[in-house]
Each structure stands twice: as C-alpha cells, then as structure tokens.
Amino acid sequence: MAAPLLNTVFEFVDFVFDLSETIDRTRQLGKPDIVEVPPDPKPLPPAARRALAEAEDRERKRDQGAQAASGADQAS
C-alpha cells in the first residue's frame, strides 16, 4: 500500500518541477534581448584616406596586371 502512495507523491513532485521549469523558460523568453550597437565610426583623417586610396590603387593595378598576364598565357 505504501508503494502506490509513494509513487503518486514522486509523480506529483516531478510534475511540480516540470511546471517550474516551464514557467522559468517562459519568463526568459519574455525578456527582451539586449543588443549592443557599436558607436558610429569616426571619419578617417585626410592622410589615412590618401593612404587607403593609394593602397587600393596598387591592389587594383596588381589585379589588372595579373589578369593581363593570365590573358597572355591563354592566348599563347
């Protein structure tokens, strides 16, 4: 007689824990996500803009030279 009563008590306790876990998850889903947004980037100083433009020009010329060389290889 004690076994079925004990089994019922354990099932009830398990149900209460499951209910508590479900409520906790629901509360966590209800909280808004906090997203940190980085500040606006500062504009580059003129010297940095010139250096960046020069580097981009060098890279563009290097890429054009590589394309021209591969085109010459394909033509031969």
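You'll find the structure just up there.
This structure is a prediction, so every number in the text was calculated from the model and none was measured.

## Brief notes about the pattern of salt bridges
Going through the model one piece at a time under the given rule, you end up with 3 salt bridges. Note that Arg 25 and Glu 21 form a salt bridge whose closest N and O atoms lie 2.6 Å from each other. With Arg 25 and Glu 21 both in helix H1 (residues 2-30) and 4 residues apart, this pair spans about one turn of that helix. Look at Arg 25 and you get partly exposed, because its relative accessible area is 47%. On the basis of relative accessible area, Glu 21 is assigned to the partly exposed category, the value being 42%. For Asp 63, the salt bridge is made with Arg 62, and the minimal N-O distance between the two is 3.9 Å. Judged by its relative accessible area of 34%, Asp 63 falls in the partly exposed class. The class of Arg 62 is exposed, set by a relative accessible area of 53%.

Thresholds applied
- Residues numbered from 1 in each chain as written.
- Predicted model: local features only at pLDDT ≥ 70, side-chain atom pairs only at ≥ 80, totals over all residues.
- Heavy atoms only, no water.
- Salt bridge = Lys/Arg side-chain N within 4 Å of Asp/Glu carboxyl O.
- Helix = DSSP H or I, 4+ residues; strand = E, 2+ residues; numbered from the N terminus.
- Buried < 20%, exposed > 50% of the residue type's maximum accessible area, 1.4 Å probe, protein only.

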